[in-house]
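In case you want the letters, here they are:
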Amino acid sequence: GGGGGGGVGAGATHAMAIAPVAGGAIFPIETRCHALEYDPPAVTGPVEDMDDPETRRMANARLTAAFSSQKRQRKVARVRAERAVDASTFASSSALQDALAAATANEMSAKQLSELAGANRNIPGHDVDATNPSDAFPFELFPLLDLLDRTRWKDLSEASKKPSKMKELEADGHFDAYTLSLVPKIAEGTGVPGGDKHEESRRRKLRAKSLAALDFLIKFYVHKGVVVERREKKRKGEEEIEIDSAVPKPWILLWTDESKVHPFVQRGVVDAFTELQRSEDGTLPGADEAKRYVRPKRSKDLLCMHVILMALRVCDWTLDVTALGKKMKESLKELIPHCKELGCKLSKEGTAKTGGVTTFATLPLDGTKRLGDFLPEIKRRPQAAKKRE
């Protein structure tokens, strides 16, 4: 409207009309300063391909270095370090598949691994292709074979033929009742008219040595399983000899009385079925320290199977496991799996009403099947089912 009086056209009124621009369309309005060039600059160098992930990564790195805070830059650097890849990373899935195929070309299947594990069983020396017990578990593979001459196997062989010698063995107390109860087994199947005397003598000798080995193996099995060296002491009746007190007496390693098992045999058993215990830092004891030998689970299992195998040899490959378990102070639950590891078949005789059940183990090799056919199959350990959420 107009102003107050006195002016030209006093009292006149004006109206301003607003008309739509560009037919009502919305368009941007850009404010520009005068005398400036607003055309895009000409490209003089190579054009970066922003579709390339590596190019975008480098561009983002430049922007981060130029405009981000120090805290943000440290965080980005930490994330990049975690995502860093080494030179062996493959650029494509096909290259990765080829590399995996080349790396696993010589790997064995589960069946092949089972066969390999079966070939390295923790059982006494054996031949899986043998078809008779003597060849399946050759006596010559017994690790303490050379020490059996230090035992009284000849007395056992003689006692199997002479009752007077048997009474002597019962009186001197060197062998226990279980060992003496198996002495008649030594002469079983011998003395047959027209038989091969040389073969009978060989069989009787093998059984006598097996029984002698069974005797000291059982004694060591029922031992607590830990053997510690000790200094030699003067025996009763020996004259005291003056020696330099600064020179220590030698170490001896015994786990039972020398009158029961020869010291050489005792040392051989320790070497075969125990391990030298190391200190916490893995070092061995020094020369002036007593050595301590322990019997791990694997060695104990092997010793148990040697005991079973020796008893099988003495008993012509059919063994009363119940009686052996009582002597070894082991339950049938513990012995039966070891019998099966040797390829034995188990059977039972008797009932509770007739005086009890007796369990027998037999190695069923009759010349038609291999030992490998009776050894248990090595199977993969079953995996536990995944727990439900």
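Within every chain, residues take consecutive numbers counted from 1 along the sequence as written. For this predicted model, a pLDDT threshold of at least 70 governs which residues receive local features, and a threshold of 80 or more governs which side-chain atom pairs are given and counted, while totals over whole chains, interfaces and linings are taken from all residues. The basis for every side-chain value is the complete set of non-hydrogen atoms in the structure, without hydrogens or water.

A. Quick peek at the overall build of the chain. Helix numbering and strand numbering both begin at the N terminus, where a helix is a DSSP run of H or I of at least 4 residues and a strand a DSSP run of E of at least 2. If you tally the helices and strands in the chain, you get 13 helices and eight strands. Long-range pairs, those at least 24 residues apart, make up 60% of the contacts in the chain between residues at least 6 apart in sequence. Working definition of accessibility: Shrake-Rupley area with a 1.4 Å probe, residue cover restricted to the visible protein chains. Of the roughly 27300 Å² of accessible surface on the chain, a fraction of 53% belongs to carbon and sulfur atoms. Pairs of residues are marked as contacts when any of their non-hydrogen atoms sit within 4.5 Å.

B. Expanded view of the pairing of strand E8 (residues 358-362). When DSSP finds at least two bridges between two strands, those strands are taken to pair. Summarising the sheet, strand E6 (residues 318-320) and E8 pair through three bridges and their orientation is antiparallel. In the sheet register, threonine 318 faces E8, and the bridge partner there is threonine 362. In terms of strand pairing, strand E7 (residues 345-349) meets E8 through five bridges, oriented antiparallel. Residue pairing in the sheet places serine 347 in a bridge with phenylalanine 360 of E8.

C. Geometry of the environment of tryptophan 317. For tryptophan 317, the position within the fold is in the loop between helix H11 (297-314) and E6. A sequence separation of 183 residues divides tryptophan 317 from serine 134, and the C-alpha atoms of the two residues are 9.2 Å apart. With residues up to four places along the chain from it excluded, the contact list for tryptophan 317 reads Pro133, Ser134, Leu309, Leu312, Ala361, Thr362 and Leu363.

D. Up close: the sheet that holds strand E4 (residues 275-276). What the three strands build is an open sheet, ordered E1-E5-E4; its pairing is antiparallel. Looking along the sheet, the strands with just one partner apiece sit at the ends: strand E1 (226-228) and E4. Bridge analysis of E4 against strand E5 (residues 292-294) gives two bridges, and the strand direction is antiparallel. Within E5, the residue paired with leucine 276 across the bridge is tyrosine 293.

E. The arrangement of the packing of aromatic side chains in detail. The rule is short: rings of Phe, Tyr and Trp, with Trp giving its six-membered ring, pair when the centres are within 6.5 Å, and they are stacked under 30 degrees, edge-to-face over 60, tilted in between. Within this structure, the stated rule accounts for two aromatic pairs. For the pair phenylalanine 139 and phenylalanine 142, a centre-to-centre distance of 6.5 Å together with 20° between the ring planes defines the contact as stacked. Of the two residues, phenylalanine 139 and phenylalanine 142, both sit in the buried class. Placement of a positive charge over a ring is assigned whenever Lys NZ or Arg CZ falls within 6 Å of the ring centre and within 35 degrees of the normal to the ring plane. Stacked on the ring of tryptophan 153, the Lys or Arg lysine 209 has its end atom at 5.2 Å from the ring centre. Burial classes: relative accessible area under 20% of the type maximum marks a residue as buried, over 50% as exposed, and values in between as partly exposed (1.4 Å probe, protein chains only).

F. Layout of the nonpolar core. By size, the foremost hydrophobic cluster in this structure holds 65 residues, and its most contacted members are Leu214, Phe216, Leu319 and Leu324. Counting residues per element, the ones that place at least two in this core are helix H6 (153-159), helix H7 (163-172), helix H8 (177-181), helix H9 (197-221), helix H10 (263-273), H11, helix H12 (321-328) and helix H13 (332-341). If one sorts the elements of this core by residue count, H11 sits on top with eleven residues. We call a set of buried Ala, Val, Leu, Ile, Met, Phe, Trp, Tyr and Cys residues a nonpolar core when their side-chain atoms join them within 4.5 Å.

G. Summary view of the side chain of threonine 55. In this fold, threonine 55 is placed in helix H1 (residues 53-67). The exposure class of threonine 55 is buried, given its relative accessible area of 16%. Any pair of N or O atoms that falls within 3.5 Å is considered a polar contact. Within protein, one atom must be able to donate a hydrogen and the other to accept it, and sequence-neighbouring residues count only if both atoms are side-chain atoms. Among the polar contacts listed, one links the side chain of threonine 55 to the backbone oxygen of aspartate 49, at a separation of 3.5 Å. The contact partners of threonine 55, leaving out residues within four places of it in the chain, are Glu48, Asp49 and Met50.

H. H13, seen in detail. Among the residues making up H13, those that are buried are Leu335, His338 and Cys339. Looking straight down H13, one finds its buried side chains confined to an arc of 105°; they lie on one side. Looking at the packing, one finds that the buried side of H13 touches H11, H12, E7 and E8. Just beyond H13, the residue with positive phi is glycine 343, at close to 90°. It is the directions from the helix axis to the C-beta atoms that the arc portrays.

I. Quick look at unusual backbone geometry. Although it is not a glycine, aspartate 316 sits at a positive phi angle of roughly 60°. The residue aspartate 316 is located in the loop between H11 and E6 in this model. The exposure class assigned to aspartate 316 is partly exposed, which follows from its relative accessible area of 44%. For lysine 329, which is not glycine, the phi torsion reads 60° and is therefore positive. Mapped onto the elements, lysine 329 comes out in the loop between H12 and H13. Residue classification places lysine 329 among the exposed positions, given a relative accessible area of 70%.

J. Molecular detail of the sheet that holds E7. Judged by pairing direction, the sheet is antiparallel, and its three strands sit side by side in the order E6-E8-E7 without closing on themselves. At either margin of the open sheet sits one strand with a lone partner, and together these are E6 and E7. Geometrically, the sheet is characterised by an average inter-axis angle of 30° between neighbouring strands, direction not taken into account. To obtain each axis, a line is fitted to C-alpha atoms, and for helices this fit is confined to the stretch in contact; angles are then taken between N-to-C directions over 0 to 180 degrees.

K. A look at the packing of H1 against helix H2 (residues 70-83). Contact geometry for H1 and H2: axes closest at 10 Å, N-to-C directions at 150°. Classified by the angle their axes make, H1 and H2 are roughly antiparallel. Every pair of crossing elements has a handedness; the one defined by H1 and H2 is left-handed. In contact with Arg57, Asn60, Ala61, Thr64 and Ala65 of H1, H2 contributes Gln73, Val76 and Arg80. Amino acid classes used here: Ala, Val, Leu, Ile, Met, Phe, Trp, Tyr, Cys and Pro are nonpolar; Asp, Glu, Lys and Arg are charged; the rest, including Gly, are polar. Residue classes in the contact of H1 with H2 are distributed as three nonpolar, three polar and two charged. Oblique is the label for any angle not under 35 degrees, not over 145, and not in the 65 to 115 range, which are roughly parallel, roughly antiparallel and roughly perpendicular in turn. Each crossing gets its handedness from the near helix: less than a right angle anticlockwise from the far helix is left-handed, clockwise is right-handed.

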